[in-house]
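Summary of structural features
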Amino acid sequence: MRTFLAILICKLGRFVGKLMGKGSSMPGKVALKICPDILSRVQLPPHILAVTGSNGKTSTVEMIAAILRADGKTVVYNEEGSNQIEGVTTLILTHATLSGRVKADVLLIESDERYAARSFKFFHPTEFVITNLYRDQLTRNGHPESVYDAILPALHPDTELILNADDPLSSCFAQGRKAVKWFGLDHCASDLSAPGGAYHDGAYCPICHAPMVYDYVHYNHIGAYRCTQCSHQKPQTDYTATALDLESGTLTLDGETEISLAFCSIYHVYNILAAYAACRECGVSPQVIAQVVSHYILKNGRMQTFTLGSRHGTLLTSKHENSIAYDTNLRYIASRKEDCAVLIIVDAVSRKYFTSETSWLWDIDFDQLAAPQVKEVVLSGQYANDLAERFSFTALPEGKWRVQPDISKAAQELSAGSGELYVVTCFSDRDKLLSHVQKEA
Ligand SMILES: [Zn+2]
């Protein structure tokens with residue numbers, strides 16, 4: 001009876017919530033109050049695929065859903081990104097019959113890293129993808145090692161892990177487990193010989209703390225690492241990006257599957273690779289995957305083009321408090337050939353909670369903007385002066401960057417210029433700019 005009541009209330013709550021434009025957490029929260037173990041009482045699909053990690057969860061989950069559906073599978077997933085236990089409960093119960101059966105081939109769950117253990121207390125994924133662990137939202141999450149400790153109890157012994165072989169920290173989840181599949185990227189032209197960036201999180205082995213060395217680095221601390229003391233090193237991969245040309249936008253998977261990239265970022269490559277590995281584990285053929293992900297434009301719009309006055313622009317949405325997301329976008333700008341201007345906006349540090357903590361700005365490798373084709377950098381938003389302080393410690397000469405805290409004025413001033421305009425900011429601050437520009441896609 002309680003199961004029935006919890007499902008009914010959740011469905012009604014979601015229906016009313018949708019009419020009122022409310023988020024998807026509340027109905028699940030109420031259902032959990034009525035029946036705290038509701039998730040152990042429902043009958044779930046044969047495949048339960050979970051995705052967590054610091055970066056790339058939403059994009060990876062979106063692509064997995066698109067691939068599985070193209071393969072004819074029915075998929076239920078948290079499209080709106082409500083990824084804590086309340087949102088996961090809403091997702092499951094609204095797709096369940098009143099007797100508690102979720103009718104789908106695959107239940108696909110994007111899970112918040114820190115809350116994964118709560119979400120998977122009463123059921124566990126059949127496959128669990130962990131994309132990576134990076135410095136992210138320090139005030140909320142603490143250091144990546146703390147996030148590692150938070151995820152660990154979420155991993156049921158029967159769950160198969162699908163891990164990033166190139167990340168020295170999240171690869172440690174494989175310790176003591178048999179059912180592990182690895183995805184990774186082979187050596188490619190855009191690699192570095194040693195880790196770059198403002199800090200080096202791959203300097204020491206996460207297991208024995210001895211120094212680590214790299215045969216090659218894809219970005220930051222992601223690459224072919226090897227501990228100088230213990231056996232921790234990049235493992236042999238099961239699903240491999242065997243060739244990557246970021247200039248022409250081509251990616252080859254397992255030596256034979258060609259993908260054309262809609263967005264030439266190494267970041268996007270790893271999301272594709274994670275989605276490829278997960279879908280192959282669910283029995284999808286490489287051909288179907290290639291058809292879906294080639295030229296795939298993400299709905300969540302991390303990259304958008306726009307027009308501002310006479311100028312063409314590209315919006316590169318990063319996550320504030322996440323230096324690697326910034327670094328990969330700055331690397332994209334630095335790799336372009338044509339002259340450009342860059343607008344960086346930090347107006348609110350987080351859209352989820354209030355913090356004015358800006359230490360993460362010091363973790364970002366802004367030196368990449370010293371590239372000669374970057375003609376001008378404008379710093380804007382409430383934290384423009386914090387950005388300016390950070391920029392005074394970069395390799396950029398003072399005349400190359402300036403401060404305009406008012407976002408409207410910054411947009412107006414830049415609209416008169418020529419050459420591509422890149423805007424680097426986060427989702428909530430992006431919306432403050434979008435009213436001034438004409439969106440193209
Ligand atoms: Zn070691």
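Okay, so let's go over this structure. (Residues numbered from 1 in each chain as written. Predicted model: local features only at pLDDT ≥ 70, side-chain atom pairs only at ≥ 80, totals over all residues. Heavy atoms only, no water.)

Moving on to the sheet that holds strand 16 (residues 401–403). Taken together, the 7 strands give an open sheet; going across it, the order is 16-15-14-17-13-12-18, and neighbouring strands pair in mixed fashion. Looking at strand neighbours, the two that pair on one side only are strand 16 and strand 18 (438–439), the edges of this open sheet. Bridge count between strand 12 (residues 303–308) and strand 13 (residues 311–317): 6 bridges; the pairing is antiparallel. Bridging across to strand 13, L308 finds its partner in R311. Along the sheet, helix 12 (residues 384–391) contacts strand 14 (340–345), strand 15 (374–380) and strand 16; its crossing angle with strand 15, the most-contacted strand, is approximately 135 degrees. Docked against the sheet, helix 14 (residues 427–434) engages strand 12, strand 13, strand 14, strand 17 (420–425) and strand 18, running at close to 160 degrees with respect to strand 13. (Pairing = 2+ DSSP bridges. Helix = DSSP H or I, 4+ residues; strand = E, 2+ residues; numbered from the N terminus. Contact = heavy atoms within 4.5 Å. Axes fitted to C-alpha atoms, helices over the stretch in contact; angles between N-to-C directions.)

Counting 50 residues, the largest nonpolar core has L49, I64, L68, L108, F183, L244 and L251 as its most contacted members. Take this core: its biggest share by element is 11 residues, from helix 9 (residues 266–281). (Core = buried A, V, L, I, M, F, W, Y, C linked by side-chain atoms within 4.5 Å. Buried < 20%, exposed > 50% of the residue type's maximum accessible area, 1.4 Å probe, protein only.)

Ligation of the zinc ion by protein atoms is provided by C205 (SG), C208 (SG), C227 (SG) and C230 (SG), these donors lying 2.2 to 2.3 Å from the ion. Spacing between the donor residues of the zinc ion along their common chain follows C-x2-C-x18-C-x2-C. Of this pair, C208 sits in the loop between strand 6 (180–185) and strand 7 (212–219) while C230 sits in the loop between strand 8 (222–227) and strand 9 (239–245), and the two are 22 residues apart along the sequence. (Donors = N, O, S within 2.8 Å, 3.2 Å for Na, K, Ca; no water.)

The next thing to look at is the pairing of strand 7. Most of strand 7 sits out of view: 6 of its 8 residues are buried. As paired strands, strand 7 and strand 8 are joined by 5 bridges and run antiparallel to one another. Considered in strand 8, the bridge of Y219 is made with I222. Hairpin connection between strand 7 and strand 8: a loop of 2 residues separates the two successive antiparallel strands, and N220 in this loop has a positive phi of roughly 40 degrees.

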